[in-house]
Amino acid sequence: MLDWIPAWGSAALILMATTIFTGRYISPLLEVRNRRFQTKMQAQEKITTNALSILTAVIRLREVQIPDGVTDTLRAALRFVP
C-alpha cells in the first residue's frame with residue numbers, strides 16, 4: 001500500500017470504507033429483502049389459516065346427519081361425493 005500509512009492505518013481505512021459502503025448500499029437492500037420476506041411469510045400464514053378453516057368446515061359438513069323428512073333426490077345430492 002502507501003509507504004506513509006502504517007499497517008494499522010491501512011487496516012483502519014479499509015475498515016472505514018467497508019463500513020461506509022455496507023451502511024450506504026448493502027443495508028438498505030437487505031431491509032427491502034427482509035420486508036418482502038416478511039410479507040411473503042404473512043401471506044403463506046394467511047393461506048394456511050384459510051385452508052385449515054375450509055378443511056374444518058368440510059369435515060363438519062360431512063358429519064352432519066341428513067334429516068329423515070327429505071326427498072330421495074335431496075338425500076342423493078347430499079350424499080354425493082365425487
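Everything here concerns the structure above.
The notes below deal with the structure included here.

Calculation notes
Residues numbered from 1 in each chain as written. Predicted model: local features only at pLDDT ≥ 70, side-chain atom pairs only at ≥ 80, totals over all residues. Heavy atoms only, no water. Helix = DSSP H or I, 4+ residues; strand = E, 2+ residues; numbered from the N terminus. Rg over C-alpha atoms; globule rule 2.2 N^0.38 Å. Buried < 20%, exposed > 50% of the residue type's maximum accessible area, 1.4 Å probe, protein only. Areas by Shrake-Rupley, 256 points an atom, 1.4 Å probe, with all protein chains shown as cover. Phe/Tyr/Trp six-rings, centres within 6.5 Å; stacked < 30°, edge-to-face > 60°. 1 Å grid on protein atoms, 1.4 Å probe; cavity = no way out; pocket = protein on both sides within 12 Å on 5 of 7 lines; lining within 4 Å. Points joined across faces, edges and corners; volume = space filled by probe spheres on them. Nonpolar A, V, L, I, M, F, W, Y, C, P; charged D, E, K, R; others polar. Expected span 1.5 Å × (residues − 1). Bend = angle between axes of the 7 residues up to and from the residue.

What about the overall build of the chain?
Logical step 1: When its secondary structure is counted, the chain shows two helices and zero strands.
Logical step 2: Rg of the C-alpha trace for the chain: 32 Å, well past the compact-globule value of 12 Å for 82 residues, more than 25% over.
Logical step 3: Along the three orthogonal principal directions, the C-alpha set of the chain runs to about 100 × 15 × 15 Å.
Logical step 4: Taking all 82 residues of the chain together, 5% fall into the buried category.
Logical step 5: Approximately 7900 Å² of the chain is accessible, and the part contributed by carbon and sulfur atoms is 65%.

So, the packing of aromatic side chains
Logical step 1: Applying the stated criterion to the full structure yields one aromatic pair.
Logical step 2: When the ring of Phe21 is compared with that of Tyr25, the centres are 5.3 Å apart and the planes differ by 40 degrees; the resulting orientation is tilted. Of this pair, Phe21 and Tyr25 both sit in helix α1 (residues 7-62), four residues apart, which is roughly one turn of that helix.
Logical step 3: A relative accessible area of 45% places Phe21 in the partly exposed class.

Some remarks on the layout of surface pockets
Logical step 1: Computed from the structure, the largest pocket encloses a volume of approximately 300 Å³.
Logical step 2: In terms of lining, the largest pocket is formed by eleven residues, of which the most central are Leu61, Arg62, Val64, Ile66 and Leu78.
Logical step 3: The set of elements that each furnish at least two residues to the lining of the largest pocket consists of α1 and α2 (72-79).
Logical step 4: With three residues, α2 is the largest single contributor of residues to the lining of the largest pocket.
Logical step 5: Its residues placed into classes, the lining of the largest pocket shows seven nonpolar, one polar and three charged.

Side note on α1
Logical step 1: In a regular helix each residue adds 1.5 Å, so 56 residues correspond to 82 Å; α1 covers 77 Å between its end C-alpha atoms and thus fits that length.
Logical step 2: Of all the bends in α1, the greatest measures close to 40 degrees and is centred on Thr22.

Looking at the environment of Val64
Logical step 1: Here Val64 lies in the loop between α1 and α2.
Logical step 2: Take Val64: its relative accessible area is 53%, and that puts it in the exposed class.
Logical step 3: Along the sequence, Val64 and Thr22 sit 42 residues apart, while their C-alpha atoms lie 61 Å from each other.

Quick word on the environment of Glu63
Logical step 1: With respect to the helices, strands and loops of the structure, Glu63 is situated in the loop between α1 and α2.
Logical step 2: Given a relative accessible area of 56%, Glu63 falls into the exposed group.
Logical step 3: Residues Glu63 and Thr18, 45 residues apart in the sequence, show an inter-C-alpha distance of 64 Å.

Structural measurements only, silent on function.
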